[in-house]
Amino acid sequence: MDHVQAGEYDTALSIFQQILYMNLANYGKSHPATASSYHNLGTVHTKRANAAPEDSIEQLNCRAAALDCFQAAARAARDSLGHSHPNVAVSLVRVGFLLLQARHYNNAIVTFQEALRIRIAYFGPEHGLVANLYNNLGVCSMHKGEFEQGRKYLEDALKIQRKLVESQERIDSSPKQGQNSEELSSHKLELADTLFNIGGLCLEWIRQQGPDAQRAVEAEMAFSETLQIREEVLGPT
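In this report, the structure presented in the accompanying data block is examined. (Residues numbered from 1 in each chain as written. Predicted model: local features only at pLDDT ≥ 70, side-chain atom pairs only at ≥ 80, totals over all residues. Heavy atoms only, no water.)

1. Focus on the packing of helix α9 (residues 182–209) against helix α10 (residues 213–234)
And then number 1: The interhelical angle for the contact between α9 and α10, taken along N-to-C directions, is 155°, at an axis separation of 8 Å. By the angle class used here, α9 and α10 are roughly antiparallel. Between α9 and α10 lies a crossing whose hand is left-handed.
And then number 2: For the contact of α9 with α10, the residue count by class is 17 nonpolar, 4 polar and 7 charged. (Axes fitted to C-alpha atoms, helices over the stretch in contact; angles between N-to-C directions. Helix = DSSP H or I, 4+ residues; strand = E, 2+ residues; numbered from the N terminus. Parallel < 35°, antiparallel > 145°, perpendicular 65-115°, else oblique. Left-handed = near helix turned anticlockwise from the far one by under 90°. Nonpolar A, V, L, I, M, F, W, Y, C, P; charged D, E, K, R; others polar.)

2. Some words on the packing of helix α7 (residues 128–143) against α9
And then number 1: The N-to-C vectors of α7 and α9 enclose an angle of 15°; their axes lie 10 Å apart at closest approach. One way to sum up the angle between α7 and α9 is to call them roughly parallel. Where α7 crosses over α9, the handedness of that crossing is left-handed. Across from Asn132, Asn135, Gly138, Val139 and Met142 in α7, the residues of α9 making contact are Glu190, Asp193, Thr194, Asn197, Gly200, Leu201 and Glu204.
And then number 2: Classifying every residue of the contact of α7 with α9 gives 3 nonpolar, 6 polar and 3 charged. (Contact = heavy atoms within 4.5 Å.)

3. What to know about the nonpolar core
And then number 1: In this structure, Phe112 and Tyr134 are the most contacted members of the largest nonpolar core, which totals 33 residues.
And then number 2: Looking at this core, the elements that each hand over two or more residues are α4 (57–81), α5 (86–101), α6 (105–123), α7 and α8 (147–172).
And then number 3: Counting residues per element, this core draws most heavily on α5, at 8 residues.
And then number 4: Those residues in contact with tyrosine 134 that sit more than four places away from it in its chain are Leu116, Ile120, Tyr153, Leu154, Asp156, Ala157 and Ile160.
And then number 5: In terms of nonpolar packing, the next biggest core, distinct from the first, is built from 16 residues, Val165, Ile198, Leu201 and Cys202 among them. (Core = buried A, V, L, I, M, F, W, Y, C linked by side-chain atoms within 4.5 Å. Buried < 20%, exposed > 50% of the residue type's maximum accessible area, 1.4 Å probe, protein only.)

4. A word on unusual backbone geometry
And then number 1: With a phi close to 65°, aspartate 55 is a non-glycine residue in the positive phi region.
And then number 2: Mapping aspartate 55 onto the fold places it in the loop between α3 (32–51) and α4.
And then number 3: Notably, arginine 103 is not glycine yet its phi reads approximately 65°, a positive angle.
And then number 4: Residue position: arginine 103 is located in the loop between α5 and α6.

5. Structural notes on α3
And then number 1: Along its 20 residues, α3 runs 29 Å from first to last C-alpha, staying within 8% of the 28 Å computed at 1.5 Å per residue.
And then number 2: Those residues of α3 not exposed but buried are Thr34, Ala35, Ser37, Tyr38, His39, Leu41, Gly42, Thr43, Val44, His45, Thr46 and Ala49.
And then number 3: The inward-facing, buried residues of α3 contact α1 (2–5), α2 (9–27), α4 and α5. (Expected span 1.5 Å × (residues − 1).)

6. Describing the pattern of salt bridges
And then number 1: A full pass over the atoms with the stated rule returns 13 salt bridges.
And then number 2: Between glutamate 232 and lysine 188 there is a salt bridge; the shortest N-O distance is 2.4 Å. Here the residue glutamate 232 occupies a position in helix α10, and lysine 188 occupies one in helix α9, the gap between them amounting to 44 residues.
And then number 3: Lysine 188 gets classed as buried once you look at its relative accessible area, which sits at 9%.
And then number 4: Glutamate 218 is the salt-bridge partner of arginine 215, the closest N and O atoms lying 3.2 Å from each other. Placement of both arginine 215 and glutamate 218 in helix α10 is noted, with a separation of 3 residues, approximately one turn of the helix.
And then number 5: Sharing partners across several salt bridges, the network here consists of Arg151, Glu155, Arg215 and Glu218. (Salt bridge = Lys/Arg side-chain N within 4 Å of Asp/Glu carboxyl O.)

This is the structure we're talking about:
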């Protein structure tokens, strides 16, 4: 991971590949350590893809390699830990993002929905990680032109995130705390991301289906609140 942070991806891949071979030899394909090794390899391939020129052959190849690794990680975690373990959801989310980037929206939705099922079962229906998946599903639906469904997913995310912000604000305003925590800032920025996606969805709705004053107002309100939150948390510059 030190090599990853330094941008030395080839060295990191070589080391993680050696670790994978050792874990396969010691534990076999169905083991959490093997799943972790595949996940680490997928993470490096993803970072290499992000560093490559957009839509280049190098980027496409790195994303394909990352997808293979995260799918292998999900299988290994599922076989060793069970179908409803949160580690399975972590790899599924990475798979979903790669499918989304590749514009395979139907497959991305199925993958995110399975991760959502796991996280609701494990964390409950009002957890931040659940909200993140509603957000992802909303973006996928927007790209498919299913705007009503996309808006519903994003509103589900927004409802959870507003509750998390309110709850953390009560904690931070207590005499013992006395100041805003990093956790509150994180919740607020995730809320802002969802608002931003709602604004984007409304604009795409208008672009595809024609002028609509109501959608325009909804987009403006969402972007205005996004701006307010980000200025508050990140500063005006």
